[in-house]
Amino acid sequence: VDPRRVYVRDPAETKHACVEVGRPGGTPVGPSGERFAWYCCTLKGGRENSDVDVVQLVKAMEALGAGEVLLNCIDRDGQGNGYELELIQQVKAACSLPVIASSGAGRPDHFEEALSPMDKERGGGGGADAALAAGIFHRQEVPICDVKAHLAEKTSIPVRR
């Protein structure tokens, strides 16, 4: 699943499932100060938008028997600013499939944020079942062992060693 944000001023403006954005450290507000966004599923490697939102797609995937969701976020891909926690939380709330978070990792604590339990009131994590990264490892910006050590030493998140 490869969605991108579509900002709206008010969730009533769209039929799509929206999330609130603009919390400190979270997804930024829109270019015109919009405080809500929906996640538009894309086609052709993100080059084409659809009128399907991420909630609609993951519910259909689950109904068709998918075993898990590999959840990318075009807006975060390659940025190194952390995973799109609002997106992960929305997908976890919409289906019972395991969710693998992708796109945005730049530091070991980003994995902790994505994998920590959801708790919107206390600023909890995304609640993902797994998290992946590619660029930071390929470019040798962060060794995999540093991510595993961070998770093992600073969290109760299980880590394969």
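Only a predicted model underlies this, so the values are computations on that prediction, with no experimental measurement involved.

About the thresholds
Residues numbered from 1 in each chain as written. Predicted model: local features only at pLDDT ≥ 70, side-chain atom pairs only at ≥ 80, totals over all residues. Heavy atoms only, no water. Axes fitted to C-alpha atoms, helices over the stretch in contact; angles between N-to-C directions. Helix = DSSP H or I, 4+ residues; strand = E, 2+ residues; numbered from the N terminus. Parallel < 35°, antiparallel > 145°, perpendicular 65-115°, else oblique. Left-handed = near helix turned anticlockwise from the far one by under 90°. Contact = heavy atoms within 4.5 Å. Polar contact = N/O pair within 3.5 Å; in protein donor to acceptor, adjacent residues only side chain to side chain.

Caption draft 1: Geometry of the packing of helix α3 (residues 108–115) against helix α5 (residues 144–154). As a packed pair, α3 and α5 sit with axes 8 Å apart at the nearest point and diverge in direction by 55 degrees. Between α3 and α5, the interaxial angle falls into the category oblique. Read as a crossing pair, α3 and α5 show a hand that is right-handed. When α3 is examined against α5, the residues Pro108, Asp109, Phe111, Glu112 and Leu115 are found in contact with a partner set consisting of Asp146, Val147, His150, Leu151 and Lys154.

Caption draft 2: View of the environment of Glu48. Within the element layout of this structure, Glu48 appears in strand β4 (residues 48–53). Once the C-alpha coordinates of Glu48 and Pro31 are considered, the two residues, 17 residues apart in sequence, prove to be 21 Å apart. A distance of 3.3 Å separates polar atoms of two side chains, one belonging to Glu48 and the other to Lys44.

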